[in-house]
Amino acid sequence: MDVRIGTTMDGQSAGFDTSSARPLLLVGDVGRGKTTTARYLSRWWLANTVRHAHVYAQATSEWADLRCKPEHPDLLEQPVGRDCRPGTCLVVVDDMDLIDDDRLPLLPLGAARTILTSHGGNSLTGRTLLDTDINCLGLVRPAHQDREGHLGRFHAGVEPDDPVRDRAESGRQAVQG
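Our subject in this report is the structure included herewith. As the structure is a prediction and not an experimental result, all values here were calculated from the model. (Residues numbered from 1 in each chain as written. Predicted model: local features only at pLDDT ≥ 70, side-chain atom pairs only at ≥ 80, totals over all residues. Heavy atoms only, no water.)

1. Looking at the overall build of the protein
This is how the line gets drawn: A run of H or I in DSSP becomes a helix once it reaches four residues, and a run of E becomes a strand once it reaches two; helices and strands are each numbered from the N terminus. Burial status follows relative accessibility: with a 1.4 Å probe on protein chains alone, a residue under 20% of its type maximum counts as buried, one over 50% as exposed, and anything between as partly exposed. Whether two residues touch is decided by their heavy atoms; if any such pair falls within 4.5 Å, the residues are in contact.
Scanning the protein from terminus to terminus reveals two helices and eight strands. Secondary structure elements of the protein, listed N to C terminal, follow the sequence β-β-β-α-β-β-β-β-β-α. Residues counted as buried form 40% of the 177 residues belonging to the protein. Nonlocal contacts in the protein, meaning residues at least 24 apart in sequence, comprise 60% of its contacts between residues at least 6 apart.

2. Here we look at the sheet that holds strand S7 (residues 135–138)
The test is simple: Two strands pair if DSSP finds at least two bridges between them. Axes here mean lines fitted to C-alpha atoms, for a helix over just the part in contact, with angles spanning 0 to 180 degrees between N-to-C directions.
In space, the five strands of this open sheet follow the order S4-S5-S6-S3-S7, with parallel pairing throughout. Two strands bound the open sheet, and with one partner strand each, they are strand S4 (52–57) and S7. Taking each pair of neighbouring strands and ignoring which way they run, the sheet shows an average axis angle of 15°. Sheet topology note: the S4/strand S5 (residues 89–94) ladder contains six bridges and is parallel.

3. As for the environment of Arg85
Counting through the fold element by element, Arg85 comes out in the loop between S4 and S5. On the basis of relative accessible area, Arg85 is assigned to the exposed category, the value being 54%. Each C-alpha atom, one on Arg85 and one on Ala112, is 9.4 Å from the other, the two residues being 27 residues apart in sequence.

4. Some words on the pattern of salt bridges
Note the following rule: Any Lys or Arg side-chain nitrogen located within 4 Å of an Asp or Glu carboxyl oxygen qualifies as a salt bridge.
Counting across every chain of the model gives three salt bridges. Residue Asp65 is joined to Arg39 by a salt bridge in which the shortest nitrogen-to-oxygen separation is 3.4 Å. Here Arg39 lies in helix H1 (residues 34–46) and Asp65 lies in the loop between S4 and S5, a separation of 26 residues in the sequence. Arg43 is the salt-bridge partner of Asp65, the closest N and O atoms lying 2.4 Å from each other. Linking Asp65 in the loop between S4 and S5 with Arg43 in helix H1, this pair joins segments that are 22 residues apart in sequence. Residue Asp65 is classed as partly exposed on the basis of its relative accessible area of 47%. Salt bridges here are not isolated pairs; linked through shared partners, they connect Arg39, Arg43 and Asp65.

Listed below in structure tokens is the structure:
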């Protein structure tokens, strides 16, 4: 199943294919929604009580509301997710920039559902992770207008869904229509 997580700059839907073991890498600057998107997908995954998740994050308190025990990335010392029943395991690494390349083989890349977040840029340059088959989505802010009505610049990538904004925009469209 493809879970929609945003819209590309050309208006296409962007999502996470939960039936594929192809890893999802969310890349973006601080505050762009990488962790929020990964938490949203994890929450959706865990809604099915047959499934479970292994979460590695520096700020484990941000994941405390999930039905799993988040751990600091430094505790990733054993292979994870490989012994799980097929289709039941999700592994999340929030801020994979904290994990050395020698720990990447511990992740079930290509064997179980995996979500990674990164600030991108130089932290990804030369990483062995990029040698694998991976979906990489760059998270960006939506285009905005300044006080003079000029569109602000934006970068190629995915604009994360915002249910509050989407409801407000649909309300405006109904009023205008």
